[in-house]
Amino acid sequence: MSCALSINNLTCKYDQQTTVLESLSLEVEQGEIVCLLGASGCGKTTLLKAIAGLLPLSSGTMSLNCMLIDDGDNWLPPEQRNIGMIFQDYALFPHLTVAQNVAFGLRDMSAEQKLKKVSEMLDLVHLAGFEQRYPHQLSGGQQQRVAIARSLAYKPDLLLLDEPFSNIDTQVRHELIGEIRKIFKNQGVTAIFVTHSREEAFAFADKMAVMNHGVIEQYGSASELYYRPSSKFVADFLGGGSYLPATRLSAGEYQTELGTIEAKAQQTIEIGRQCELLLRPQHVQIAAAEESSVTVLEQHFMGDHCRYVIDAGGKRLLASSPEPLTIGQQVSVKVETQGVLAF
């Protein structure tokens, strides 16, 4: 694959004083869907605005399809970048019909060409027959599809989406995510989307950039980031777990309150050094036991399973169990070491 978007050492400041993005680099390949994932205020939307040309760079360079679009001195205006943008609130024109909304950016086409393109786009997003409806007559998911049809109609080189699924009902969100991902992949769309939901990121993106205070902590596929996080910040953001104090005994063994546990070190940890093991709930399997010093502190019903908090030697750990357990019950603990990480 060839690179669609290349960002090198980008820095953005507000009022020339407050640094929002610092020395940030990112490569997005043609046809990739990339997620900018992070908590509110980490710089996700600021990066999207900088890519769109709505925010000038303080330093660094940005290229789209091998063409320089910004280096701090030379700046290509937003309307010349051929970048589409879909907002959280869809930004449809309420006084225009669905067909008129989709056709809005098709300025250089004849009436017949516009009609054909609108029909093609609405077929693509499964809204054929909705041409004469107005936005207020559509559901949130349908409005989002219209916004996508409008953005894809003029074939942008890059599509930016800011929290695209946040206003969609939970019951239809997962279905919509799957449908839109399939459309993007079939059309070869290169897209960057912003979210604070790891579930959306896992379901929609090819790669994820976890952001923290204006920098990218780690960039890669969902499985890479989940199973090989570069820092505790990334590990905590992508999957809740517990940290168990440990002492490194050998290359792969650690002494803990729960006995000797095998783990993979994410950083250089000397033999005999104190450290912490990240135990996600699926790593800590518990079962009812008549005599045990480990007890159930909390039970959280998750629908298809229960998650527990246990007291293991004064340490609170998240755990899972195939059997129903009650608060205060004594339990045995088995640690599934595959995937346990040491920090």
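Source: prediction; values computed, not measured.

A.B. asks: Please give an account of the overall build of the protein chain that cites residues and values.
C.D. replies: Along its length, the protein chain carries eight helices and 21 strands. Across its three principal axes, the protein chain shows a C-alpha extent of roughly 80 × 45 × 35 Å. The buried share among the 343 residues of the protein chain stands at 48%. Of the contacts formed within the protein chain by residues at least 6 apart in sequence, a portion of 66% connects residues at least 24 apart. Summed over its atoms, the accessible surface of the protein chain is roughly 16,800 Å², and 48% of this surface lies on carbon and sulfur atoms. If you average the places of the 28 positive and of the 39 negative side-chain charges in the protein chain, the two averages end up 3 Å apart.

A.B. asks: Outline unusual backbone geometry, listing residues and values.
C.D. replies: For Asn82, which is not a glycine, the phi torsion comes out positive at approximately 55 degrees. Among the secondary structure elements, Asn82 is positioned in the loop between strand S5 (67-70) and strand S6 (83-86). Looking at Asn82, the relative accessible area reads 26%, which means it is partly exposed. At His126, a position not held by glycine, the phi torsion is positive, near 60 degrees. By the element assignment, His126 lies in the loop between helix H3 (111-124) and helix H4 (140-153).

A.B. asks: Give me the lowdown on the state of the cysteines, citing residues and values where you can.
C.D. replies: For the structure on display, the rule yields zero disulfides. Free cysteine Cys3: the closest other cysteine sulfur is in Cys66, separated by 7.1 Å. With no disulfide of its own, Cys35 has Cys42 as its nearest cysteine by sulfur position, at a separation of 9.9 Å.

A.B. asks: I'd love a proper account of the nonpolar core, names of residues and values included.
C.D. replies: Judged by nonpolar contacts, the single largest core of 47 residues is most densely connected at Val102, Leu152, Phe184 and Leu238. Residue contributions to this core peak at six residues, all from H4. Residues contacting Val102, with those up to four places away along its chain left out, are Val118, Met121, Leu122, Val146, Ala149, Arg150 and Ala153. Among the nonpolar cores identified, the runner-up in size contains 31 residues, and Leu21, Leu36, Ala52 and Met62 belong to it.

A.B. asks: How would you explain the sheet that holds strand S21 (residues 341-342) if you had to name every residue and give the values?
C.D. replies: Read from one edge to the other, the open sheet built from six strands follows the order S13-S12-S11-S15-S21-S14, with strand pairing classed as mixed. Lying at the two open borders of the sheet, with one neighbouring strand each, are strand S13 (259-262) and strand S14 (264-265). Pairing geometry for strand S11 (residues 242-248) and strand S15 (residues 274-279), over six bridges, is antiparallel. If you follow Thr247 over to S15, its bridge partner there is Gln274.

Rules and cut-offs
Residues numbered from 1 in each chain as written. Predicted model: local features only at pLDDT ≥ 70, side-chain atom pairs only at ≥ 80, totals over all residues. Heavy atoms only, no water. Helix = DSSP H or I, 4+ residues; strand = E, 2+ residues; numbered from the N terminus. Buried < 20%, exposed > 50% of the residue type's maximum accessible area, 1.4 Å probe, protein only. Contact = heavy atoms within 4.5 Å. Areas by Shrake-Rupley, 256 points an atom, 1.4 Å probe, with all protein chains shown as cover. Lys, Arg positive; Asp, Glu negative; His and termini not counted. Charge placed at Lys NZ, Arg CZ, Asp CG, Glu CD. Disulfide = S-S within 2.5 Å. Core = buried A, V, L, I, M, F, W, Y, C linked by side-chain atoms within 4.5 Å. Pairing = 2+ DSSP bridges.

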